[in-house]
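Residue-level listing of the chains:
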Amino acid sequence: MIVTEIREPRRSPLQFFAGLGLSIKTARPADAPLAELRSSLWPEPLPRVRAFPAARRRHTTWVCALRCGPALLLASLLLAGPIARAADPQPYAVHISSTGNGALNAALNATSQLVSLRKTASVGPFALVDRAQQDIGRLQVVLGSFGYYRAHISIRIDSHPLDDPDLPDLLQAMSAKKQAMVDVAIDDGALFHLGRISVQGSVSAGALAALKLKSGAPAVAADILAAGQRLLTALEDEGHAYATVAEPPDAYPSPTEPVLDVTFMADPGPTYVLGAIHFEGLKRVHEAFLRSQLELRAGQPYGPTAVETARTTLLALGVFDSVTVRLPPEDQAQNGVLPVTFVVVESKLHAVGLNGEYSSDLGVIAGASWTNRDLFGNAEQLMLHANVINVGGTASKGVGYDIGGQLNKPDFLAHSQTLQLTAEALQQYLLAYTQVEGTVGASLSRQLSRFWKVSLGLNLEQEKITQSEMVDLTEAVVNDTPPAQLVQIGGCTEAYNPALPSEAQVKGVVEFVDKPPLPVGCHFTLLGIPVSARYDSTGLTNPLLDPTHGLRLSLSLQPTESLSSSSVSSHSKFLILQGNLSTYFDFASLRWSQPGQSVLALRAIAGEANGAAQFSLPPDQRFYAGGSATVRGYAYQSISPWFGPPEAAGEYPEGGTGLAAATVELRERVWRNFGLAAFMDAGEVTTKPPLLNASGHFGTDYAYGVGYGIGPRYYTPIGPIRVDIAFPLEALPNESSFEVYIGLGQAF
């Protein structure tokens, strides 16, 4: 028996047998005709376009015109009219039959030029037939990539097969306004499964395990090719720096069963250890600092995974545009020692950025940032920002500002530990409260592993907050006199007694009893110790990029002491706990769609304040819901118990001591860079009963809301542009019937 081998040139990753990157071999006699060999892979030979008489005449006319002289050239020009009409665009519609596999259907439609070029590249009748013929090969590639190696594809245009000699004339005679119907029928045949899997070459058991292929599994071409790459990586990680795994692997289909045997040809070669580590392209960054970032050391076994980890570590410092690794040619690696050179291109020292977003509740937020990427030569980053906030929002009462700076010092006192110094000034006029705040802080963050990061900090905050709060206190006693009302102003407790003269002072506040109390700002000095832990398995370093898999978890707690305030409860202590969880599920794992095309995103948020009652907490430390971060469709902070007696609508959200919220969002990429998202949010804010308000006449203990909506996405290299339109399931009094949110990056 002589082994016959069929090979074709390398193609795209979607490959069919030889085209798929698999060298298909079959044990057949050497004189077996090629048609017989092809028939063992396909039930019928692929149809081919015949040389139609009209096409042949047109070609002959032009050749003769070039060779036979001016007289015939003139005759050819007389034929230009009919020929031009024949080339008029032929409108058509396409229908590709379903295979029952959502991911395969999506791949077929994405690969078909009949589908992708239908609106963007018009064709005449002859070109339409040719485009359909080319699609047969393209679609065969896709079917093979999913393991359907004996699939059969037939295409008919207006019920005529492609090899019908009358088809071009029928299309040519068709009205320019009538669409031709292109039907693509697919018989995917039996799904091939893997049979015997073997490796030829001296390979360790650990490298063999890296294949992760099992007999009986679907013989998906992409999985087979990926297994070969994993085998090569495993050999290199064992120190075989110049190992080779022949590409493509050899595949032997069974002549009777849908089974594919696969053989990988491997040559490990000698092992190497790392030699000297060099850097090229450094200008400002200190080489000693870069060496401290690497876990590579001369003398350790060579492994591409360790080298790639070092490369990404350098790139993550934020001071390089690119980092590449250069190894010497195999004949220059002497005595089993392999030097490594990192070639870097430093980023520009300074960067200026513009940012902006819009929501109907918070209005326009716009500003600029300035960054020094390498302040002292050790990747220290200084970032300054200035933003104008709350311009024209329904949940804001005026324009505010947010100005601040941040300094990051990597490797502070220990490797993988970053010192962060921050300072910020904030002023905002929200419906819930008005706030002027200045904050300074310091924190240490440490990367524990690829997924886990922890942080410990110290913040000092000085603020002035105005918030009107009115609660029934007819049973209370202040200075041995029962007051008619208690007024909470930004967490400051003040009592008023109508029995006293109207100009009398109680707790240092003067107020006329026949008028409602006027809001007065309260001053707080808060010392907090924020502690946080974060887990992220999405594999994305930029939060603006689109996550399609993995999980993000953040847990934080902040014990805080009020060092001084105008509140009765001065020097109070409280603890804020909060958790955020989001996870992403790609339906491609079920083979329902292409990777990243259909993603289900889930989010859950929970928070609680302990150690202080609702009105003992500063208003900005309480919990609110509503807005893009919790429940879309409701204005920012609007989901909250509201001030005011039950017979009149409240004017200000109180805030609560507990929060729970959840989101379900389906993200669908519908065409190229465009997508849609449909979502539903729900959230609740709870409070402990206010002091001396057991009757509940002037407040509620909880508030909740459910919002839903839809929004387009436009995917860019720096993240998706998001536009969400959300509606409340039950609108609040004096609230909008919908909210709009525009920004860069997904909602979570």
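Residues numbered from 1 in each chain as written. Predicted model: local features only at pLDDT ≥ 70, side-chain atom pairs only at ≥ 80, totals over all residues. Heavy atoms only, no water.

> Help me understand helix 5 (residues 102-111), please; the structure alone is not making it clear to me.
A turn of α-helix holds 3.6 residues, and therefore any two residues three or four places apart point the same way. The buried fraction of helix 5 is high, at 7 of 10 residues. Summarising the contacts, the buried residues of helix 5 are in contact with strand 3 (92-96), helix 6 (113-116), helix 7 (125-145) and strand 6 (180-187). (Buried < 20%, exposed > 50% of the residue type's maximum accessible area, 1.4 Å probe, protein only. Helix = DSSP H or I, 4+ residues; strand = E, 2+ residues; numbered from the N terminus. Contact = heavy atoms within 4.5 Å.)

> Teacher, can you tell me more about a nonpolar patch on the surface here?
Among the surface-exposed residues, Leu-544, Val-670, Trp-671, Phe-674, Leu-676, Ile-710, Tyr-714, Ile-718, Ile-721 and Leu-744 lie close enough to one another that they form a single nonpolar patch of about 890 Å² accessible area. If you list the elements that add at least two residues to the nonpolar patch, you get strand 31 (658-671), strand 32 (674-686) and strand 33 (702-716). One can find Leu-676 in strand 32. (Patch = residues over 30% accessible without salt bridge, like charges linked within 9 Å, V, L, I, M, F, W, Y side chains within 5 Å. Areas by Shrake-Rupley, 256 points an atom, 1.4 Å probe, with all protein chains shown as cover. Salt bridge = Lys/Arg side-chain N within 4 Å of Asp/Glu carboxyl O.)

> Any chance you could explain the side chain of Glu-380 here in plain terms?
Of note, Glu-380 is situated in the loop between strand 15 (363-372) and strand 16 (381-391). Of the side chains with opposite charge, Lys-409 lies nearest to the buried Glu-380, which makes no salt bridge, at 4.1 Å. A polar side-chain atom of Glu-380 sits 3.1 Å from the main-chain amide nitrogen of Phe-376. In this structure the side chain of Glu-380 is engaged in a polar contact, spanning 3.5 Å, whose partner is the backbone nitrogen of Gly-377. Excluding residues within four positions of it along the chain, Glu-380 makes contact with Asn-372, Arg-373, Asp-374, Leu-375, Asn-408, Lys-409 and Pro-410. (Lys, Arg positive; Asp, Glu negative; His and termini not counted. Polar contact = N/O pair within 3.5 Å; in protein donor to acceptor, adjacent residues only side chain to side chain.)

> How do you make sense of the packing of aromatic side chains when you look at a structure like this?
Within the structure shown, the criterion is met by 14 aromatic pairs. Judged by centre distance (5.5 Å) and plane angle (50°), the ring pair of Phe-451 and Tyr-535 falls under tilted. Of the two residues, Phe-451 sits in the loop between strand 19 (434-447) and strand 20 (452-466) while Tyr-535 sits in strand 27 (residues 531-536), which places them 84 residues apart along the sequence. For the ring pair Trp-671 and Phe-674, a centre distance of 6.2 Å and an interplane angle of 15° mean the geometry is stacked. We classify Trp-671 as partly exposed; its relative accessible area is 48%. One aromatic cluster is present, formed by Phe-451, Trp-452 and Tyr-535 through successive ring pairs. Just above the ring of Phe-679 sits the side chain of Arg-632; from NZ or CZ to the centre is 3.8 Å. The positively charged end of Arg-667 is found above the aromatic ring belonging to Phe-748, 4.9 Å away from the centroid. (Phe/Tyr/Trp six-rings, centres within 6.5 Å; stacked < 30°, edge-to-face > 60°. Lys NZ or Arg CZ within 6 Å of the ring centre and 35° of its normal.)

> Would you mind going over the nonpolar core with me for this structure?
By size, the foremost hydrophobic cluster in this structure holds 29 residues, and its most contacted members are Ile-155, Ile-157 and Val-184. Of all the secondary structure elements, the ones that give two or more residues to this core are strand 3, helix 5, helix 7, strand 4 (152-157), helix 8 (167-173) and strand 6. Residue contributions to this core peak at 7 residues, all from helix 7. Contacts of Ile-157, omitting those with residues within four sequence positions, involve Leu-128, Val-129, Ala-132, Leu-162, Leu-167, Leu-171, Ala-180, Met-181 and Val-182. Ile-277, Leu-294, Ala-310 and Phe-342 belong to the second largest nonpolar core, which has 25 residues in total. (Core = buried A, V, L, I, M, F, W, Y, C linked by side-chain atoms within 4.5 Å.)

> Would you mind going over the environment of Val-182 with me for this structure?
Secondary-structure assignment places Val-182 in strand 6. The buried category is assigned to Val-182, whose relative accessible area is 0%. Residues Val-182 and Ile-155, spaced 27 residues apart in sequence, show a C-alpha to C-alpha distance of 7.0 Å.

> Whenever I open this one, the sheet that holds strand 13 (residues 337-346) confuses me. Can you help?
Pairing is mixed in the open sheet, where 3 strands are placed in the order 11-13-12. Edge strands, defined here as strands with exactly one partner in the open sheet, are strand 11 (273-280) and strand 12 (320-326). Put simply, the sheet's adjacent strands are angled 20° from each other on average, direction ignored. Taken together, the 6 bridges between strand 12 and strand 13 define a ladder with antiparallel strand orientation. Directly across from Arg-326, in strand 13, lies its bridge partner Thr-341. The strands touched by helix 12 (residues 304-315) are strand 11, strand 12 and strand 13; relative to strand 12, the strand with the most contacts, the crossing angle is about 160°. (Pairing = 2+ DSSP bridges. Axes fitted to C-alpha atoms, helices over the stretch in contact; angles between N-to-C directions.)

> Whenever I open this one, the packing of helix 5 against helix 7 confuses me. Can you help?
Working note: a packed helix pair is described by the angle between its axes plus the distance between those axes. At a minimum axis separation of 9 Å, helix 5 and helix 7 run at an interaxial angle of 155°. Comparing the axis directions of helix 5 and helix 7 gives the class roughly antiparallel. In this structure, helix 5 crosses over helix 7, and the sense of that crossing is right-handed. Note on element contacts: helix 7 touches helix 5 through Arg-138, Leu-139, Val-142 and Leu-143, opposite Leu-104, Ala-107, Leu-108 and Thr-111. Broken down by class, the residue content of the contact of helix 5 with helix 7 amounts to 6 nonpolar, 1 polar and 1 charged. (Parallel < 35°, antiparallel > 145°, perpendicular 65-115°, else oblique. Left-handed = near helix turned anticlockwise from the far one by under 90°. Nonpolar A, V, L, I, M, F, W, Y, C, P; charged D, E, K, R; others polar.)

> Honestly, the pairing of strand 18 (residues 417-430) in this entry has me stumped. Any pointers?
The side chains of a regular strand alternate between the sheet's two faces. Note that strand 17 (residues 396-409) and strand 18 share 11 bridges and pair antiparallel. Within the sheet, the bridge partner assigned to Asp-402 lies in strand 18 and is Leu-426. Pairing of strand 18 with strand 19 involves 13 bridges; the strand directions are antiparallel. The residue bridging Leu-419 from the neighbouring strand is Leu-444, located in strand 19.

> Whenever I open this one, the confidence of the model for the protein confuses me. Can you help?
Predicted coordinates in regions of low pLDDT should not be interpreted in detail. When the pLDDT values of the protein are averaged, the result is 80; 77% of them are 70 or greater. This model gives residues 1-19 a pLDDT under 50, and the stretch forms 53 contacts once residues within four places in sequence are excluded. (pLDDT = per-residue confidence, 0-100.)

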